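Listed below, chain by chain, are the residues.
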Amino acid sequence: MAGEWSDPVPLGSLCVLLNRGIAPAYSDEGDVIVLNQRCIRDGRIDWSPARRNARVQKSVPRDKMLQPLDILVNSTGVGTLGRVAQVGAVRPRQQHGLQ
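Residues numbered from 1 in each chain as written. Predicted model: local features only at pLDDT ≥ 70, side-chain atom pairs only at ≥ 80, totals over all residues. Heavy atoms only, no water.

Help me out: how do you make sense of the overall build of the protein in this one?
Scanning the protein from terminus to terminus reveals one helix and six strands. Starting at the N terminus, the α and β elements of the protein follow one another as β-β-β-β-β-β-α. For the protein, the proportion of contacts with a sequence separation of at least 24, taken over those separated by at least 6, is 52%. (Helix = DSSP H or I, 4+ residues; strand = E, 2+ residues; numbered from the N terminus. Contact = heavy atoms within 4.5 Å.)

Quick look at the structure:
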C-alpha cells in the first residue's frame, strides 16, 4: 500500500560515503569554505555562518568536498543524529572556498 514503510535497512547500505567531517583549521585567509552544524537549519544550508579552512594547515580530502545531492546530517553525540539538509547545486566557487 502506498505510504507504508518497507523493512528497515542499515543507512550505510544506501550511501556511497557515510562518515564524520574533519576538524577544520579555521583561518580568515582560508581557501576552503567549511560548513559547521550552525549551517544546517530548517532542512537547508545557510552559508552565512560558514567559515574558512586553511588547506595549508589542514588538508581537506577530496571525498569531504561537497557534491550535488549530498545529504548532511548533524551528529550531536554518540549514536545521536540531528538536523539534516541536502546539498543542491554546488557552485565551483563555493566548493573551492571563494565567495
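Hey, could you run me through the nonpolar core in this one?
Soluble globular proteins: nonpolar side chains tend toward being buried together. Membership of the largest hydrophobic core is limited to six residues, which are Ile-40, Ile-45, Leu-66, Leu-72, Ala-85 and Val-87. Those residues in contact with Ala-85 that sit more than four places away from it in its chain are Ile-40, Gly-43, Arg-44, Ile-45, Asp-70, Ile-71 and Leu-72. (Core = buried A, V, L, I, M, F, W, Y, C linked by side-chain atoms within 4.5 Å. Buried < 20%, exposed > 50% of the residue type's maximum accessible area, 1.4 Å probe, protein only.)

Can you walk me through the layout of surface pockets in this structure?
Sizing a probe to match a water molecule and rolling it over the atoms shows the empty space that remains. Considered as a void within the structure, the largest pocket measures approximately 1500 Å³ in volume. Lining the largest pocket are 41 residues, and of these Asn-19, Arg-20, Gly-21, Ile-71 and Leu-72 sit closest to its centre. Taken together, the elements giving at least two residues each to the lining of the largest pocket come down to β1 (32-34), β5 (71-77), β6 (80-86) and α1 (92-95). Here the lining of the largest pocket takes six residues from β5, the largest share from any one element. (1 Å grid on protein atoms, 1.4 Å probe; cavity = no way out; pocket = protein on both sides within 12 Å on 5 of 7 lines; lining within 4 Å. Points joined across faces, edges and corners; volume = space filled by probe spheres on them.)

How should I be thinking about a nonpolar patch on the surface in this particular structure?
A grouping of Val-9, Leu-11, Leu-14 and Leu-18 is seen on the molecular surface, where their side chains present a nonpolar patch of about 410 Å² in accessible area. Looking at the secondary structure, you find Leu-11 in the segment before β1. Since its relative accessible area comes to 46%, Leu-11 is described here as partly exposed. (Patch = residues over 30% accessible without salt bridge, like charges linked within 9 Å, V, L, I, M, F, W, Y side chains within 5 Å. Areas by Shrake-Rupley, 256 points an atom, 1.4 Å probe, with all protein chains shown as cover. Salt bridge = Lys/Arg side-chain N within 4 Å of Asp/Glu carboxyl O.)

Explain unusual backbone geometry to me, please; I cannot follow it from the model alone.
Residues other than glycine predominantly adopt negative phi, and peptide bonds predominantly adopt the trans conformation. Residues other than glycine seldom take positive phi values, yet Asp-42 does so here, at roughly 50°. Positioned with a positive phi, Leu-69 is a non-glycine residue whose angle comes to about 75°. A relative accessible area of 61% places Leu-69 in the exposed class.

Explain a positive patch on the surface to me, please; I cannot follow it from the model alone.
On the surface, Arg-38, Arg-41, Arg-51 and Arg-83 cluster together to form a positively charged patch. Tracing the sequence through the fold places Arg-38 in the loop between β1 and β2 (40-41). The class for Arg-38 is partly exposed, based on a relative accessible area of 46%. (Lys, Arg positive; Asp, Glu negative; His and termini not counted. Charge placed at Lys NZ, Arg CZ, Asp CG, Glu CD.)

Would you explain the confidence of the model for the protein in this entry?
Caution applies to low-pLDDT parts of the model: their predicted coordinates are not meant to be read in detail. Scored by pLDDT, the protein has a mean of 79; 83% of the residues are at 70 or more. Segment residues 94-99 is flagged for pLDDT under 50; beyond a separation of four residues in sequence, or across chains, it makes 20 contacts in the model. (pLDDT = per-residue confidence, 0-100.)

Sorry if this is basic, but what is going on with the environment of Cys-15 here?
For Cys-15, the location among the structural elements is in the segment before β1. Along the sequence, Cys-15 and Asp-70 sit 55 residues apart, while their C-alpha atoms lie 9.7 Å from each other.

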